[in-house]
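Survey of secondary and tertiary structure
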Amino acid sequence: MGFSIQKSTEPNLDHAIAGAASGFTTRFLCQPLDVIKIRFQLQVEPISRYHVSKYRSVSQAFLLILKEEGITALWKGHVPAQLLSVVYGMTQFYSYNVFMKILQQIPQVEERRHTIQFVAGAGAGGMATIVSFPFDTIRTRLVAQSNNHQIYNGILHSCSSILRQESPRTFYSGLLPTLLQIAPHTGLQFMFYGLFTDIYKKYISGTDTSFYNSMLSGSAAGLVAKTIIYPFDLARKRLQIQGFRHGRKGFGKFFQCNGLVDCFKITVKEEGVQGLFKGLVPSQVKAATTTALHFTVYEQVLLLLKIL
């Protein structure tokens with residue numbers, strides 16, 4: 001399979017197709033969790049049942065969004081999100097396969113297989129991020145705005161508005177913290193996935209990667225990796241809404257900063273260290289679910305393509 005340290009026999013195109021299918025399926029099923037996570041990340045006020053804030057818990061946020069904006073709000077920004085996921089998934093798994101083939105030329109590679117998986121995953125994550133980042137910025141802007149105070153009427157309108165009122169550089173706002181987050185995050189995902197699949201095959205089943213192995217290993221890998229890099233994810237979202245004050249009307253205090261370091265400083269000063277992990281719980285649930293689906297769908301589609 002695509003994550004074995006043994007030489008991959010599948011064409012690079014198969015990995016790209018399987019990655020695109022994986023990204024599409026995962027995004028469609030997990031978009032509501034992403035919407036809630038982003039709303040949490042962008043809220044300056046504490047996320048607590050004992051504080052007068054707009055969003056106070058996952059269940060309360062879910063019900064409030066349904067009440068104020070309707071069920072479609074849980075899939076807000078879904079079109080650019082799907083474009084993001086398909087492009088990202090396709091680029092990620094294609095790049096990972098290419099990097100693995102290159103790294104497999106290293107002598108005694110079997111002894112360093114998890115390190116190799118981390119390096120290849122980090123490189124693949126960086127490539128996929130650069131290619132797909134404009135879709136992420138648009139998606140974040142669409143999710144961040146309220147249905148009651150809409151600034152953008154869709155993906156094309158948001159693109160034209162950003163180009164007209166801001167600049168093309170806006171599409172890459174927050175790229176640095178994203179790369180600092182995504183490269184090690186993706187590397188950790190692939191490394192932990194390889195590690196957990198090895199443990200599963202050693203202690204539970206000696207067969208090659210199965211559906212249950214992919215689900216369990218992917219879920220654990222996603223949970224661990226997301227927790228490690230979470231502050232960078234929060235900083236990325238906050239940087240992407242700079243210059244978008246009017247679209248955040250009705251969501252509480254607007255968070256304003258000048259760059260990654262300033263974002264961390266202001267967050268810790270105003271919200272404490274725990275502010276860097278705001279939205280962590282829905283993010284962990286999302287990470288465990290999406291990573292499990294991501295790897296499982298990828299593996300199953302790759303198997304199907306081999307049969308065809």
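Everything quoted here is computed from the prediction, not taken from an experiment. (Residues numbered from 1 in each chain as written. Predicted model: local features only at pLDDT ≥ 70, side-chain atom pairs only at ≥ 80, totals over all residues. Heavy atoms only, no water.)

**What about the side chain of Asp14?**
Rules: Strands are runs of DSSP state E lasting at least 2 residues, helices are runs of H or I lasting at least 4, and numbering of each runs from the N terminus. Only heavy atoms enter the contact rule, under which two residues are in contact if any of them lie within 4.5 Å.
Locating Asp14 in the fold gives a position in helix 1 (residues 12-42). Ignoring any residue separated from it by four or fewer positions in sequence, one finds Asp14 in contact with Leu302 and Leu305.

**Remarks on the packing of helix 3 (residues 78-103) against helix 9 (residues 280-307)**
For any two helices packed against each other, the geometry is given by the interaxial angle and the distance between the axes. Put simply, the rule reads: Each axis is a line fitted through C-alpha atoms, taken for helices only over the stretch in contact, and angles between the N-to-C directions span 0 to 180 degrees. Under this scheme an angle from 65 to 115 degrees is roughly perpendicular, one under 35 degrees roughly parallel, and one over 145 degrees roughly antiparallel; angles in between are oblique. Handedness of a crossing follows from how the near helix is turned relative to the far one, being left-handed for an anticlockwise turn of less than a right angle and right-handed for a clockwise one. Residue classes follow a fixed rule: Ala, Val, Leu, Ile, Met, Phe, Trp, Tyr, Cys and Pro count as nonpolar, while Asp, Glu, Lys and Arg count as charged, and any other residue, Gly among them, counts as polar.
Viewed as axis vectors pointing N to C, helix 3 and helix 9 meet at an angle of 65 degrees, and their least axial separation amounts to 13 Å. Judged by the inter-axis angle, helix 3 sits roughly perpendicular to helix 9. In the packing of helix 3 onto helix 9, the handedness of the crossing is right-handed. For the pair formed by helix 3 and helix 9, the contact residues are Gly89, Gln92 and Phe93 on the first element and His294, Phe295 and Tyr298 on the second. Residues belonging to the contact of helix 3 with helix 9 are distributed by class as follows: three nonpolar, three polar and no charged.

**A word on the packing of helix 6 (residues 175-203) against helix 7 (residues 211-240)**
Two elements in contact, helix 6 and helix 7, have axes separated by 8 Å at closest approach and are oriented at 165 degrees. Put simply, helix 6 runs roughly antiparallel to helix 7. Considering the relative orientation of helix 6 and helix 7, their crossing is right-handed. Its residues assigned to classes, the contact of helix 6 with helix 7 shows 18 nonpolar, 10 polar and four charged.

**Details of helix 1**
Inclusion rule: Here, expected helix span is obtained from the residue count minus one, scaled by 1.5 Å. To get the bend at a given residue, fit one axis to the seven residues ending there, fit another to the seven starting there, and take the angle between those axes. Here's how the labels work: a residue is buried when its accessible area is under 20% of the maximum for its type, exposed when over 50%, partly exposed in between, all with a 1.4 Å probe on protein chains only.
Helix length check: helix 1 (31 residues) gives 38 Å between terminal C-alpha atoms against 45 Å at 1.5 Å per residue, more than 12% under. At Cys30, helix 1 is deflected by roughly 60 degrees, the largest bend along its length, and proline Pro32 occurs up to four residues later in sequence. The buried count for helix 1 comes to 22 of 31 residues, which makes it a mostly enclosed element.

Geometry only, nothing functional implied.
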